[in-house]
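Results of the structural survey
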Amino acid sequence: MLKKVIVAFTLVVMLSATGFCALYLVREYTKVYRITHIGDMWSFVRMDANVSFAPFVEIDRDDFPHPPYPQRGDLLVAVDGRPANEENYFRAFSMDTPAGRTIEIMFMHAGEINTTDIVTRTIPGPLKLQIWTMFILRTLIAVSLLFTGIWGMVRRRASAAVRALSLFCSALAVQMALSSTIVAHLYASFQIPAPVLIAFTILGLSSSSFWLKLNLLFPRMNSMYERYRLAANVLIFLPILIIGVWSLASGRVAPLLVISIYHTVFLTGGFVLLIRNFKRARSFIERRQTRLVLMGSFIGIVLYIMYGWFRFVMLSAGFQLPVQTNMLIVNIVFLLLLPIPVSIVYAFRKYMLLEVEGKLRRGTRFLVVNLSLLLAFFGFLYMFGEFVLQSIGISSQTPTLVLGLMLALAFLPTQRKLRIRVEDYFYPEKKRLRELLRDFLASSIVRTEETSFWEDLQDKLAYGLAAEKIYPVLRMEHDGDFTLQNREPVPFSIRDQLLEKLMSRDDTILIDEAVESGRILLTDEQKEWFECRKCAVILPLTVSSGLVGFLVISSKTNGEDFTSEELELLSSFSAQIALVAENIQLLRERIEKQKLEEQLSVAREIQEGLLPGEIPQVPGLEVRALIRFCLDVAGDYFDVMTLGDGRILVAVADVAGKGVGSALLMANLQASLRTTREMGATLSESASRINTLIFDNTPSDMFITFFAACFDPNERRMSYVNAGHNPPILLRKTGESRKLTGGGLLFGVVRETGYEEVQISFEKGDAVLLYTDGVSEAMDPSGEEFGEERIESILRENPEMDLQVLLERIEQRVEVFHGSSGYSDDFTLLAVRAT
């Protein structure tokens, strides 16, 4: 029940703070808009509603068209003929006052009353810029803090630390909205009742109490606070409660001294607790969380405390800074408060902690280096103009302008060199690691051996990072799986969430942060793999074509955590490492490809040697053949063998597939056919024996279509066996055609099967055309096949054409139909004619 009440109270405070900030900032906007669009005097006075005079705190001579001119500290006693109280002042310089109006004023200087005129002007450019900058920064900080508080309550409202965070952010947002009012309230379009302003001012002041409580709960609850929670809460909130009751009762905010003491004690106490939590962190994540909040808030809050004391001292001494100087200081303080909500959000998310810390470090170095250079340059210019030129009697400002231009041209190169020197001084390990990686990658450009590259990289990185071991995990060439560099399997696949995250970013991932924050879901196998190897960091290796792998870096040997500088440097070198690795891999593949091409060239020479180099001719028959390979070696086969007593055997076959495997099987087929024929086997016996051999010695997905025919020109007969091959076309001299289909199944499908040997007449003028599916199944761009009908048509159109010319005619027609001479399958033609 109590927890529900606390959650409800937190939500009410957040909603109230959000509504008030929105209302107050709209009111501020109307003030800023009006003051930047009216005519006014820009010599500033300090108004007091209870007196009829106002001291000048800043003089701008451009307001006065003629003397006498007031000086700082003089009293403005009358405006436009009326006493210089607040009401009369804003009646003369109202929202309707145009630029160019002349207004008479009276002022007291050294006890004497002087009368002069003021000519109203629009706001000067530098002042306008300062006012808008302060308003925008204040709005950004308030909105960021409110968003941080709302984000926390939406994500984890049950957490006491998150509720303290939301209350701190809400209170600080109100304080930022109310702080440093430069433009008078009378310029606003509407007013907010004083009790409401006082109430929310107290809420804003309570941010220091919530800051102290937040650090008692973050990143885990303080043991003493947990034991004495009630007493601790009383001590934390009693001072602000007393200040609030007194302010509401008196109708005005507590004195600046009381507020400064309260802020100093509670904000300092919060920092002491934060430093203590950092030193006693139980894990690297807790250490990173507290360090990130320290870095994001320390400078801004310390300057905020110092500015409060500075204002108190100045007011106590009766001294007031020029308005623009005061606004510049406020703007710098506001700018340094901006990292607070960012650092807190990332600290509670437990993700990208070192990355954000690195950005804060770089931003701090950038500011320090640039401010130091600007101060040095302007100081040098001032010394040159005030002392050097005056000492030699030169009154012209031209030498100073020339020197200023030269310094401006030298600013960027000097800034870059100084920043690098600062980094090398404060982070020598980063310089050492950068030089080590740079030298290694420069020497690796000419490497050709992949194993030595990865082994040397592991040694260099392990030495430079003081890591126990480096594991290169590389993507396999033909699928989405990964292996270690030594081909050891790993539990990673391209479909894993981890790999999806790696492909979407090119910077490092801390494994503990990714798992703890729930950003990446690892499988049990992956968790075990990381834990066994004490893995801490993952570095993606990405090139333009995608992810080539990643490096897994184990924990440090000295037990320390990795630094943001180390991870930043690793990220900057990841692309270069990936590129060198890819180049080595491409070079290796090129060498392997060259070796394969050399081997294929030899294989092709051997295969061509197995094919008939010259077609044997016998009286009474004309035989011609043509073969084209789609690859270096082919799966198509033809053979022509002379037999005894004037007979001749021709064969055509097509091995399933293409390439080396098909070519080897084709060579085996040729040897088997010649062996069986030498043994005197018939065509049907040869087919049966070859089928059994193919079935027993090849994979189940390998098969062969085969056709063989024996021609006897003396008997004018032919016998043939067709084992599932494209039916050859027999064209009789009479014009009758026939497809030769008799035989049996293709080789390699069924082990024990018989083949029929068909015998037919083969008279003078008859012709047979044998072909493979590379001819009949050649496609045009629309996907239509050339087909057997077109082959038969060409044969019919040229019954007496020389067979070699006929085969070339068919090849030409197929090329025209296909659209090119580059075939997707081997291409074989063989023709026999009785003469």
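Remember, predicted model here, so these are calculated numbers, not experimental data. (Residues numbered from 1 in each chain as written. Predicted model: local features only at pLDDT ≥ 70, side-chain atom pairs only at ≥ 80, totals over all residues. Heavy atoms only, no water.)

1. A short note on the sheet that holds strand β23 (residues 827–834)
Read from one edge of the open sheet, 5 strands run β13-β23-β22-β18-β19, paired in antiparallel fashion. In the strand order of this sheet, the two ends are held by β13 (621–628) and β19 (737–739), each with one partner. Recorded for the sheet is a direction-independent mean angle of 15° between the axes of neighbouring strands. Where helix α24 (residues 787–797) meets the sheet, it contacts β18 (729–731), β19 and β22 (767–771), and its direction lies at approximately 25° from that of β18. Set on the sheet, helix α25 (residues 803–818) makes contact with β13, β22 and β23; between it and β13 the angle comes to about 30°. (Pairing = 2+ DSSP bridges. Helix = DSSP H or I, 4+ residues; strand = E, 2+ residues; numbered from the N terminus. Axes fitted to C-alpha atoms, helices over the stretch in contact; angles between N-to-C directions. Contact = heavy atoms within 4.5 Å.)

2. Some points on the packing of helix α4 (residues 160–178) against helix α6 (residues 207–217)
Where α4 meets α6, the axes come as close as 8 Å, and the angle between the chain directions of the two elements is 155°. Between α4 and α6, the interaxial angle falls into the category roughly antiparallel. Viewed along their axes, α4 and α6 form a crossing whose handedness is left-handed. On the side of α4, the interface is formed by Ala160, Ala161, Ala164, Leu165, Leu167, Phe168, Ala171, Leu172 and Gln175, while α6 contributes Ser207, Phe210, Trp211, Leu214 and Leu217. Grouping the constituent residues of the contact of α4 with α6 by class yields 12 nonpolar, 2 polar and no charged. (Parallel < 35°, antiparallel > 145°, perpendicular 65-115°, else oblique. Left-handed = near helix turned anticlockwise from the far one by under 90°. Nonpolar A, V, L, I, M, F, W, Y, C, P; charged D, E, K, R; others polar.)

3. Things to note about the environment of Lys4
Summarising the element assignment, Lys4 is placed in helix α1 (residues 2–35). On the basis of relative accessible area, Lys4 is assigned to the exposed category, the value being 64%. Each C-alpha atom of the pair Lys4 and Arg157 lies 10.0 Å from the other, and the pair is 153 residues apart in sequence. (Buried < 20%, exposed > 50% of the residue type's maximum accessible area, 1.4 Å probe, protein only.)

4. As for helix α8 (residues 229–250)
Over its 22 residues, α8 runs 32 Å from end to end, which matches the ideal 32 Å to within 8%, given 1.5 Å per residue. Remark: the principal bend of α8, roughly 40°, maps to Phe237, with a proline, Pro239, within the next four residues. As for α8, its buried residues are in contact with α5 (194–205), α6, α7 (223–227) and α9 (256–279). Directly after α8, the chain includes Gly251, whose backbone phi takes a positive value near 80°. (Expected span 1.5 Å × (residues − 1). Bend = angle between axes of the 7 residues up to and from the residue.)

5. As for the pattern of salt bridges
What the rule picks out here adds up to 26 salt bridges. Here Lys556 makes a salt bridge to Glu566, at a shortest N to O gap of 2.9 Å. Placement of Lys556 in the loop between β12 (546–554) and α20 (564–610) and of Glu566 in helix α20 is noted, with a sequence separation of 10 residues between them. Given the relative accessible area of 5%, Glu566 is considered buried. The shortest N-O distance in the salt bridge between Asp639 and Arg674 comes to 2.9 Å. Of the two residues, Asp639 is situated in strand β14 (residues 636–642) and Arg674 in helix α21 (residues 660–678); the sequence distance between them amounts to 35 residues. By relative accessible area, which is 32% here, Arg674 ends up partly exposed. (Salt bridge = Lys/Arg side-chain N within 4 Å of Asp/Glu carboxyl O.)

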